[in-house]
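Commentary on secondary and tertiary structure
Listed below are the residues making up each chain.
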Amino acid sequence: MQAINWARSYSLKNPMNQKQMEDAIQSLSEGKLGDMDDYSQEAFTKTFCEGILHLEGNLLYGNDIHPHKAERFINPTEYKRKYKEVEKIVANSIERQKRLYLQMINSK
């Protein structure tokens with residue numbers, strides 16, 4: 001299924017969130033998204049995943065825990081707390097986005 005391959009090209013830093021995003025695309029693909037042509041599926045998947053990817057990156061940077069900010073070391077407990085907080089926000093956003101996209105697809 002092409003939609004899953006497109007979703008995998010948007011690699012999140014958190015493997016749990018990545019799996020959740022791929023599962024959301026899989027779920028959407030089993031419905032009306034699977035009936036769309038390739039261009040529509042790609043555009044839909046890209047629109048779904050890009051926002052999540054940017055949200056995660058901005059949250060990681062904002063909390064000073066992004067891998068590219070390795071020069072800033074914080075204690076492991078603080079890092080873990082911030083990482084879990086980002087993970088939870090991204091997971092909630094994926095679920096919210098999935099619900100919105102389901103409504104959008106089903107309204108056609």
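Preceding block: the structure.
In this report, the structure presented in the accompanying data block is examined. All figures in this text were calculated on a predicted structure; none of them were measured in a lab.

Along its length, the protein chain carries 4 helices and 0 strands. Each helix (α) and strand (β) of the protein chain, taken in turn from the N terminus, gives the series α-α-α-α. Judged by the C-alpha coordinates and their principal axes, the protein chain covers about 50 × 20 × 15 Å. In the protein chain, the proportion of contacts linking residues at least 24 apart, taken out of those at least 6 apart, comes to 67%. Element-wise, carbon and sulfur atoms account for 53% of the exposed surface of the protein chain, whose accessible area totals about 6,800 Å². In the protein chain, the 16 positive side-chain charges and the 15 negative ones have mean positions that sit 6 Å from each other.

It is worth spelling out the packing of helix H3 (residues 38–62) against helix H4 (residues 76–106) at this point. One way to put it is that H3 packs onto H4 with a least axis distance of 10 Å and a crossing angle of 160°. With respect to their mutual orientation, H3 and H4 come out roughly antiparallel. Judged by the sense of rotation from one axis to the other, the crossing of H3 with H4 is right-handed. Residues Phe44, Thr47, Phe48, Ile52, Leu55, Glu56, Leu59 and Leu60 of H3 lie in contact with H4, whose contacting residues are Tyr83, Val86, Ile89, Val90, Ser93, Ile94, Gln97, Lys98, Tyr101, Met104 and Ile105. Classifying every residue of the contact of H3 with H4 by side-chain character gives 14 nonpolar, 3 polar and 2 charged.

We now examine the pattern of salt bridges. This model, assessed by the stated rule, comprises 5 salt bridges. Salt-bridge contacts for glutamate 22 lead to arginine 8; the nearest nitrogen and oxygen are separated by 3.5 Å. One end of the pair, glutamate 22, is in helix H2 (residues 15–29); the other, arginine 8, is in helix H1 (residues 2–8), with 14 residues separating them in the sequence. We classify glutamate 22 as buried; its relative accessible area is 15%. By relative accessible area, arginine 8 is classed as partly exposed at 48%. The salt bridge partner of aspartate 23 is lysine 19, with a shortest N-O separation of 3.0 Å.

Core analysis: the biggest nonpolar cluster contains 23 residues, and Met21, Ile25, Leu28, Phe48, Cys49 and Ile94 have the highest contact counts within it. Going through the elements one at a time, H1, H2, H3 and H4 are the ones with two or more residues in this core. No other element matches the 6 residues that H3 contributes to this core. With sequence-adjacent residues up to four places away left out, isoleucine 25 is seen in contact with Ala3, Ile4, Ala7, Leu33, Thr45, Phe48 and Cys49.

Analysis parameters
Residue positions are counted from 1 within each chain, in the order its sequence is given. At least 70 in pLDDT is required for a residue's local features to be given in this predicted model, at least 80 for side-chain atom pairs to be given and counted, and no such filter applies to totals for whole chains, interfaces and linings, which use all residues. To obtain the side-chain values, all non-hydrogen atoms of the structure were used and water was disregarded. Only DSSP runs of H or I with at least four residues qualify as helices, and only runs of E with at least two residues qualify as strands; both kinds are numbered from the N terminus onward. In what follows, residue pairs with any heavy atoms lying within 4.5 Å of each other are defined as contacts. The Shrake-Rupley method, run with a 1.4 Å probe sphere, supplies the accessible areas, and residue values consider only the shown protein chains as cover. Charge counting treats Lys and Arg as positive and Asp and Glu as negative, with His and both chain ends excluded. We put the charge of a Lys on NZ, of an Arg on CZ, of an Asp on CG and of a Glu on CD. In this description, a line fitted to the C-alpha atoms serves as the axis of each element, helices being fitted only across the stretch in contact, and the angle between N-to-C directions of two axes falls anywhere from 0 to 180 degrees. Every angle not falling under 35 degrees, over 145, or within 65 to 115 is termed oblique; those three ranges are roughly parallel, roughly antiparallel and roughly perpendicular. For a crossing to be left-handed, the near helix must be turned anticlockwise from the far one by less than a right angle; the clockwise case is right-handed. Charged residues are taken to be Asp, Glu, Lys and Arg, nonpolar residues to be Ala, Val, Leu, Ile, Met, Phe, Trp, Tyr, Cys and Pro, and polar residues to be all remaining types, Gly included. Just to be clear on terms, a salt bridge is a Lys or Arg side-chain nitrogen sitting within 4 Å of an Asp or Glu carboxyl oxygen. Residue burial is assigned from relative accessible area. The probe radius is 1.4 Å, only protein chains are included, and a residue is buried under 20% of its type maximum, exposed over 50%, and partly exposed in between. Buried Ala, Val, Leu, Ile, Met, Phe, Trp, Tyr and Cys residues form a nonpolar core when they are joined through side-chain atoms within 4.5 Å.

Any link to function would need more than the numbers given here.
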